[in-house]
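Listed here are the chains, written in short residue letters.
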Amino acid sequence: MNRHSTSASFLPIGATRPGGTGAWRGQPFSPETESQVSILTIARQNWRSILAFAAVGLVCAGIYVATAPAIFTARARVYIESRSSPVTARDTPNAGTPLEIAEVESQVEYIRSEKIALAAVHRLDESALKDLAAPTHPLVAKVREFVKAAKALPLRLIGAERPVQEPAPVSPDLRQARTLRENVEASRIGAAYVIEVGYSADNPATAAAVANAVAGAYVSTELENRAQVWKVAGEWMLPRLKELQQRASQASREAQTYKAEHTIIDLGKRGLVGEQQVEELNTAVAAARSKTVDARAVRDQIRGLLDSDIADPGITEAFKDSVIIQLRRQYVDLVQRADDLKRRLGPDHEAVQAIQRDILAAKQSLRTELERLAVSLDHDYEVAKAREDSMTAAFDALISKTLIMSNARVKARELDRTAETYDQIYTNLLQRYIDAVNQQSYPQPSAHVITPATVPESPSAPRGSLIMLLGLLVGTGFGVSGAFARHWFDRTIRTPRQLTGHGLTCLAALPELRREPGFRAALALAQAHANEAQRPASIEAFRASAVRFMPQSVFVERLHSLKAHVLGSDRRGPVFAIGVTSVGAGAGKTLFASNLGQLLARARASSGRVLMIDADVRQGTLSRLSQATEQRGLLDVLAGRCGATEAVRPQPGEVRLLACGNRHPNDPHFSDLMTPEGVAAVLGDGRPALDRPALDRVVVDLPPVDELPTLRPLLDTLDGLIIVVEAGRTSIDDVATAVHDLESSGSTVLGVVLNKTNDGQTVRRGGLRGALSRWTAARRSARGATQAAS
C-alpha cells in the first residue's frame, strides 16, 4: 500500500489500524481501492504541474510544427533476383538458390553506400543537385550550435582551445554524394526480396528524381559488378585451362607409353588381352581334362570286360558300336536257341552240340572285336592325355607371365586414373569458362526497378497532428513522472496514513479554513456582528474562533471527533490538562488550541469552566489574538506579582484565558521562573490555586517542541500533549523524533493533529472513496455468485 494515503485516521489514544481499516469509517477498503484512490490523490495534488508540463509540451510541439520546413519523401522499389538468371540457370552452378536474409540486408546497406550515392550524383542534373540537402530545422540548428559552443567553452576558459585544422580537400561530387547519402533511406519490405528506396527533400520533384537516380544507379552498378566478376573469372580461368590441358595430355601420353612398354593391351569392356587369354585357355584346359577322363573311363571299362565275362548284358548299353551290338545279338539268339534245344532234345543231342560250337565261335568273334576296340580306345586316350598336358603347360606359362605383369598393371591403372582426373577437371573448368564468356557478352541483371518513384503530392514531415500529440504525451509524461517522483521522495506529511504507517496516532486531519465552503460568507457575517465585543479583530482571530463562527464546517466536525476520542475513549484515566505544541513554527497550533478550548467550553455543563493558558511567552500568539497582551498573565503569576485567580480573564466563547503576561526588566529568564513551586501556584497538586472543582479542562498553548525543555516543570503537570503538524511542510522524521523525545522525557503524547490538509471535498467526505469501495464490493459479490452458479 502507498505510504501516502488520503484517508484520515481518528484513532483512540494508543490504538492502531490493522489491515488498513479505520474506526472512523464503517467499511474496510481493499488494497485495489486504496491504490486507485492513491493514484487519484497524486494526480489531484499535482494536477497543476501536470497540466503545466502538458501545456509546455504542446506549445513546444506547436512551435516546432510552425517553424519546421516541409519535407517531401519519394520512394522507389527494387526487386532482387536469385544468384543466377533464367537464361543460364541450367548451366550455372548453384542455380536457383534462394537468397538468405543476411544477403538481402547486405544489399540494403550497399544501397546506402557512398559508391551508389556517387553513381546517383552522376545521373542527376544541375537543378536536382542544388536541392540535395534537406533543410535543417532552425531550432535544431540553434541547439547544435549551442552544444558545440558549450563543448568548446571549457577549453576556452583554460586557454587550451584546439587548433583549427583545415579540412582535406574534397571534390564537389564526393561532397554532394555524402549529402545525398545522409538523406537516403533503404529498407526491406517484410520478408520479400523487395527493397524500398526513399529520399527526403524540400522539393518534391528533386526527391523523386534522386530516389529514381539511386535505384537506377544500384541496378546499373549491380550489372557492371556482375560483368566485371565474370570478366575477372574468365581472365583467371584461361591460363589455368591451358595448364590443365597440357597436364591432361601429358598424363594420357604417359599412360599409353607405359602400356606399350609392358605389352598391356586393353580391349575396352572385355578387359586386357592377357586376362582374356587366361580365361579362354582355362576353359580349353578344363575341356581337355574332361575328354581325357572320359577316354580313360571307357578304356578301363573295356579292359574290365575283357578280363571278365564278355557276355555281360550291360555291354550293349556301355558301347554304341554297331558291330559289337550285332555280335551281341547273335550271341544272345544262339544262347536262347541252345537253351530251347536242351529243354526239348537234351544236352547230348547233336543239334545241341552243334549250336554250342556256334556259341563259342560268336563269343570268340565278340572278344576279338572288343580287343580291337580296346586298342583304338588306348590310342584315343593317349591323344587326349597329350593334348591335356600341352594345354596345361601353356596355361601354367600364361599364369606365370600374368603374375609377372601384375605390378605393371597396377601402375598402368594409376596412370589411367590420373589422366581421367585431369581430363575431368579440364572439362569442368572449360564449361565454367564458356559460362563466363557467355555472361560477358550477355550479362543478366540481378535487380530490377519494379516501382519508380513519383512526385509526392503531400509532405511527409512534419506530421503536425502526430507531433502535437507526441508533445502533449511527452509533456504529460514528464508531469506525471515529476508528480510521482515528488510523491515517492517527499518526506513531508500530507496524509494521516503516513503517521499511522510510522506507528504514530493521528487524532484528526484538519482542512484549511480558507478552503472551507462558506468561509468568506461567515467571515463577512462575523465582521458585521451587532455586538462589537463579539466581532473578530482580524482574520486570524476569526479562524481562532471557528467553533463559534463556523460550527457546521468540516474543521469543527473533526474537532468534535477528536474531542470524543481524546476525552471519551481514554483508558488511562481522565485527561484534565492538555498541552498543545507543534513541530516548527507556522503549523497553526495556536488556532487549534483556541478552537479546542472553545469546543470544550461549549459543552452544556462546562460553560466558563475551561481555562486556556498561553505558555508560548516568546510569541504570545494566543494573547495577541485575544487582545490580552497588556493584561497580567502567566509570567506575572510565576514572578509572584499576582495570583492565578487575579490573572485569569473571561473571553468570548465561554472560556477563561490566562495570557502570557508581561516580562519586567528585573525578572529572571523564563526558564528560571518555570519552577515546580511556580507551576504549583498555577496547577499545583490538587490545583487549589484555581479552585479545581470549578474547572473541567485546561488547554495550554505551548511553544514548539524544540523549546519545550525550558518548560519541564509545566510539562510534568500536564496529562497529555497534542502535537500539531502542518501538512505538506513538516517532515515525518521530525515528527517521529519529537514524539520519541517527548515520550523518552516522561511526557504523554496523546497524538498528532495534521493541520492544513488539502483533501478535496469528495475525497474528504468519502464520496469517491465510498464509490470505489462499493464498486469493488459489487465486483467481488458478482464473481462469488458466478463461481457459486458454476
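In what follows, the structure referred to is the one given above.
Let me begin by describing the structure that accompanies this report. (Residues numbered from 1 in each chain as written. Predicted model: local features only at pLDDT ≥ 70, side-chain atom pairs only at ≥ 80, totals over all residues. Heavy atoms only, no water.)

Digging into helix α27 (residues 732-744)
Note on helix geometry: an α-helix contains 3.6 residues per turn, so any two residues three or four positions apart are oriented the same way.
Part 1 of the reasoning: In a regular helix each residue adds 1.5 Å, so 13 residues correspond to 18 Å; α27 covers 18 Å between its end C-alpha atoms and thus fits that length.
Part 2 of the reasoning: Among the residues of α27, those classed as buried are I732, V735, A738, V739 and L742. The buried side chains of α27 occupy one side of the element, clustering within an arc of 125° when seen end-on. Within α27, the exposed residues directed more than 90 degrees away from the buried face are H740 and S744.
Part 3 of the reasoning: Looking at the buried side of α27, the elements it contacts are α15 (496-501), β11 (720-726) and β12 (749-757).
Part 4 of the reasoning: Put simply, S731 is the residue that caps the front of α27, since its side-chain oxygen is 3.2 Å from the backbone nitrogen of D733.
Part 5 of the reasoning: Positive phi shows up at G746, right after α27, with a value of about 100°. (Helix = DSSP H or I, 4+ residues; strand = E, 2+ residues; numbered from the N terminus. Expected span 1.5 Å × (residues − 1). Buried < 20%, exposed > 50% of the residue type's maximum accessible area, 1.4 Å probe, protein only. Arc of directions from axis to C-beta. Contact = heavy atoms within 4.5 Å. Polar contact = N/O pair within 3.5 Å; in protein donor to acceptor, adjacent residues only side chain to side chain.)

Considerations on the sheet that holds strand β4 (residues 447-451)
Part 1 of the reasoning: A sheet is described by the order of its strands in space; here four strands give the open sequence β2-β3-β1-β4, paired in antiparallel fashion. The open sheet is flanked by β2 (184-188) and β4, the only strands paired with a single partner. On average, each strand axis in the sheet is tilted by 30° relative to the strand beside it, whichever way the strands run.
Part 2 of the reasoning: Sheet topology note: the β2/strand β3 (residues 194-201) ladder contains five bridges and is antiparallel. Residue pairing across strands places V184 opposite Y199, the latter belonging to β3.
Part 3 of the reasoning: This element, helix α8 (residues 204-261), spans β1 (72-80), β2, β3 and β4 of the sheet and lies at about 20° to β1. (Pairing = 2+ DSSP bridges. Axes fitted to C-alpha atoms, helices over the stretch in contact; angles between N-to-C directions.)

Overview of the nonpolar core
Part 1 of the reasoning: One finds L658, L702 and V735 to be the most contacted residues of the largest nonpolar core, which totals 48 residues.
Part 2 of the reasoning: Take this core: its biggest share by element is five residues, from α27.
Part 3 of the reasoning: Not counting the four nearest positions on each side in its chain, L658 is found in contact with L611, M612, I613, D614, G633, L634, V637, A647, V648 and V682. (Core = buried A, V, L, I, M, F, W, Y, C linked by side-chain atoms within 4.5 Å.)

Topic: the pairing of β3
Part 1 of the reasoning: In terms of residue burial, β3 counts as a mostly covered element, since eight of its eight residues are buried.
Part 2 of the reasoning: In this structure, the hairpin formed by β2 and β3 is closed by a connection of five residues, where G190 is found at a positive phi of approximately 60°.

A word on the environment of F542
Part 1 of the reasoning: Within the element layout of this structure, F542 appears in helix α17 (residues 539-544).
Part 2 of the reasoning: Sequence separation of F542 and L523 is 19 residues, and the distance between their C-alpha atoms is 6.9 Å.
Part 3 of the reasoning: If we ignore the near neighbours within four places in the chain, the residues touching F542 are F519, A522, L523, A526, P536, F549 and M550.

Quick notes on unusual backbone geometry
Part 1 of the reasoning: The residue after A461, namely P462, is reached through a cis peptide bond having omega -5°.
Part 2 of the reasoning: Position of P462 relative to the elements: it lies in the loop between β4 and α14 (464-489).
Part 3 of the reasoning: Notably, Q627 is not glycine yet its phi reads approximately 55°, a positive angle.
Part 4 of the reasoning: Position of Q627 relative to the elements: it lies in the loop between α21 (621-625) and α22 (634-639).
Part 5 of the reasoning: The phi angle at K756 is positive, at roughly 60°, despite the residue not being glycine.
Part 6 of the reasoning: Relative to the helices and strands, K756 resides in strand β12.

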